[in-house]
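Coordinate inspection notes
Next come the chains, spelled out residue by residue.
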Amino acid sequence: VKAVAASMGNVLEDVTVPMYPVIDEIKKEMMAAGALGAMMSGSGPTTFGLFCDADKAQRAYEALKQMFPETHLTQLK
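Residues numbered from 1 in each chain as written. Predicted model: local features only at pLDDT ≥ 70, side-chain atom pairs only at ≥ 80, totals over all residues. Heavy atoms only, no water.

**Here we look at the overall build of the protein chain**
The line we're drawing: A run of H or I in DSSP counts as a helix once it spans at least four residues, and a run of E counts as a strand once it spans at least two, with each numbered from the N terminus. Values of the radius of gyration come from C-alpha atoms, whereas the globule rule sets the reference at 2.2 Å times the count of residues to the power 0.38. Exposed residues in this analysis have more than 50% of their type's maximum accessible area, buried residues have under 20%, and partly exposed residues fall in between, with area computed by a 1.4 Å probe over protein chains only.
Along its length, the protein chain carries 4 helices and 2 strands. Its helices and strands in sequence order give the protein chain the pattern α-α-α-β-β-α, from N to C terminus. Taking 11 Å as the expected radius of gyration for a compact globule of 77 residues, we find that the protein chain reaches 12 Å, a close match to that expectation. When the backbone C-alpha atoms are referred to their principal axes, the protein chain occupies close to 35 × 30 × 20 Å. Taken over 77 residues, the protein chain has a buried fraction of 26%.

So, in C-alpha cells, the structure goes:
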C-alpha cells in the first residue's frame, strides 16, 4: 500500500483544483489524519485516501463526514 500511495498522481488535478479548491482541502485533511496518499479520482469530483491504519481511517472519516456528509469509509477484505 505504501508503494501504491507513493506513486499516486492525477494530472487533471492541476486543472481541477484551482477551480474547485475543496478538493485540495479534502486531500490535506486526509493526509493530516494519517493517509499514506490522497488523490482526486479520474476527472473528479471523488477524492480518496489510502490508509493502512483502520483507526486513522475511522477518525478521518468521522472528521470529514462532519464537513462533507457524502463521505464514505470503505475497506478491502
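**A word on the environment of A54**
Position of A54 among the secondary structure elements: in helix α4 (residues 54-67). The exposed category is assigned to A54, whose relative accessible area is 58%. Residues A54 and Q75 lie 21 residues apart in sequence; the distance between their C-alpha atoms is 8.6 Å.

**Remarks on the nonpolar core**
Stated precisely, the cut-off is as follows: To form a nonpolar core, buried Ala, Val, Leu, Ile, Met, Phe, Trp, Tyr and Cys residues must be joined to one another through side-chain atoms within 4.5 Å. Throughout, a contact is declared for two residues whenever any of their heavy atoms are within 4.5 Å.
Within the largest apolar cluster, 6 residues are counted, these being I26, M30, A35, A38, L64 and F68. Aside from chain neighbours lying at most four places away, what touches F68 is V22, E25 and I26.

**Let's talk about helix α3 (residues 22-32)**
Heads up, the condition is: Relevant arc is that of directions from the helix axis to the C-beta atoms, nothing else.
By the burial criterion, the buried members of α3 are I23, I26, K27 and M30. In an axial view of α3, the angular spread of the buried residues amounts to 100°, which keeps them on one side of the axis. Facing away from the buried surface of α3 by more than 90 degrees, the exposed residues are K28 and A32. On its buried face, α3 is in contact with α2 (13-19), β1 (37-40), β2 (47-50) and α4. Immediately downstream of α3, the backbone of G34 shows phi near 110°, a positive value.

**Thoughts on the pattern of salt bridges**
The condition that has to hold: Every case where a carboxyl oxygen of Asp or Glu lies within 4 Å of a side-chain nitrogen of Lys or Arg is listed as a salt bridge.
Overall, the coordinates contain 2 salt bridges when judged by the stated rule. Where K27 meets E13, a salt bridge forms, and the shortest distance between an N and an O atom there is 2.4 Å. A residue pair is termed long-range when its members are at least 10 positions apart, and K27 in helix α3 and E13 in helix α2 qualify at 14 residues. There is no split in this pair, since K27 and E13 are both buried. The shortest N-O distance in the salt bridge between K28 and D24 comes to 3.1 Å. Taken together, the residues span about one helical turn, with K28 and D24 both in helix α3 at a distance of 4 residues.

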